[in-house]
Amino acid sequence: MDKELEHNFVALLEEHQNIVHKVCRLYTNHREAHNDLFQEITIQLWKAYPKFRGDAKFSTWMYRVGLNTAITLYRKSKRTINTYELDIYQFKIKAEDYDDTEEQQLKLLYSAVHQLNDIEKALVLLYLEDKDYKEISETLGISEVNARVKMNRIKNKLRTILNP
Amino acid sequence: MDELELLKKHWKKQDTEYPQVSANDIYKMILKRSSSIVKWIFIISILEFALWTFLSFFLKDHKDAQHFDKFDSDFLLIPLTVLGYIILIYFFYLFYRNFKRISVTDSAKVLMENILKTRRTVKNYVFFNLAFMAITFVAVLYIEFDQDKAFISKAQTAAANGEVFMFYAKTILIVAGVLAVFGAVLLFFYWLIYGLLLRKLNRNYKELKKLEM
């Protein structure tokens, strides 16, 4: 039974692992930290998995556990951002996909998102993943109205960073 | 175009770029130990309960405490001891119940609240112990003043010299001073350990609370 549980879990996580990678990408700024956080989220997911019931989508459940781990449970402190590492690790932006201004804007955007606080990052991640405000508010434990207001503030904040 | 929309466009294209972790590596990962703050809080809390229980046993069997046995002190110390144990059990039960409630699948806010609540239980237990210790000291002082012959004769000498007030004041001040230093050292350690451990959690909790205003 345990073996079966383990097998199912590993298969599901392998399939949906990009969700965990995305959380790690927003909350860490070098590869080593990314892997470390990935591991902690995996452990937390596995510990919570026996109580996972099919009534929620596995991916929805993963966002919640992943963000909770990054925001609350993960203990290691952040390293100061090293621009060189940010360039090679975070912002692999292919030149052929975007024109020069867009590419430049994207770089600025990513570094602006990295400057946001942990809660703001959570909102941005869920927003980028096309989650509705209901899910955002339930994941964070705030009201839908407050989630909307906060999201608008974040957009303004990013706009100011990009167009000083 | 909305800045975030541009980001979203790029964000979605990135899916293929993440280094994929194999099933085999996932198997290895789930065998590893977590280093989450919940685990640390649990370990530190258990150590605290153990330390304070040990401390009360240790103080009871100490030589000075045995010298104390000669006095008629049971009327005070037995109820205090029993009360101490009842309260220990009560706090431990609260701690365990709160700890069990911590679930990583709750919303971020509820999760943080449950962690802080668990922490608060242990903190209250320590405050209770400090208060309890102060009360015990007062009780011990009272019995000493009342029954210790050596102490009474010293007090009488002081009274003969007209320094009885100074004598009592000095004794009480010394005891209070020792208690204050002990309390200050303890608070410092608390501030250090939990300050470091819970810094991030407190910061994020405040941020969430701010959104509710």
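Just above sits the structure.
In this text, all values refer to a predicted model and were calculated from it rather than measured experimentally.

Trainee: Account for the overall build of chain A, with residues named and values stated.
Mentor: Check the secondary structure of chain A and you find 8 helices and 0 strands. In sequence order, chain A lays out its α and β elements as α-α-α-α-α-α-α-α. Residues classed as buried in chain A amount to 55% of the 164 residues present. Contacts in chain A between residues at least 24 apart in sequence constitute 67% of all its contacts with a sequence separation of at least 6. A total of about 7,900 Å² of accessible surface is found on chain A, and carbon and sulfur atoms cover 48% of it.

Trainee: I'd like to hear about unusual backbone geometry, residue by residue, with values.
Mentor: We note that A:D130 has phi near 65°; this positive angle belongs to a residue other than glycine. For A:D130, the position within the fold is in the loop between helix 6 (118-128) and helix 7 (133-140).

Trainee: A description of the interface of chain B and chain A should follow, citing residues and the corresponding values.
Mentor: Across the boundary between the two partners, chain B contributes 52 residues, which contact 71 residues of chain A. Where chain B abuts chain A, roughly 5,700 Å² becomes buried across the two surfaces, and 59% of that area is made up of carbon and sulfur atoms. Here A:D130 and B:K12 are joined by a salt bridge, their closest N and O atoms 2.3 Å apart. Summed over the shared surface of chain B and chain A, the number is 25 residue pairs in polar contact (both at pLDDT 80 or more). Among the secondary structure elements, those contributing two or more residues to the side of chain B that touches chain A are helix 1 (3-13), helix 2 (23-31), helix 3 (37-61), helix 6 (108-147) and helix 8 (164-212) of chain B. Per element, the largest residue contribution to the side of chain B that touches chain A is 11 residues, and it comes from helix 1 of chain B. Here the residues of the side of chain B that touches chain A are counted per class, giving 25 nonpolar, 10 polar and 17 charged.

What counts, and at which threshold
- Residues numbered from 1 in each chain as written.
- Chains lettered and ligands numbered in written order.
- Predicted model: local features only at pLDDT ≥ 70, side-chain atom pairs only at ≥ 80, totals over all residues.
- Heavy atoms only, no water.
- Helix = DSSP H or I, 4+ residues; strand = E, 2+ residues; numbered from the N terminus.
- Buried < 20%, exposed > 50% of the residue type's maximum accessible area, 1.4 Å probe, protein only.
- Contact = heavy atoms within 4.5 Å.
- Areas by Shrake-Rupley, 256 points an atom, 1.4 Å probe, with all protein chains shown as cover.
- Buried area = accessible area lost by both parts, 1.4 Å probe.
- Salt bridge = Lys/Arg side-chain N within 4 Å of Asp/Glu carboxyl O.
- Polar contact = N/O pair within 3.5 Å; in protein donor to acceptor, adjacent residues only side chain to side chain.
- Nonpolar A, V, L, I, M, F, W, Y, C, P; charged D, E, K, R; others polar.

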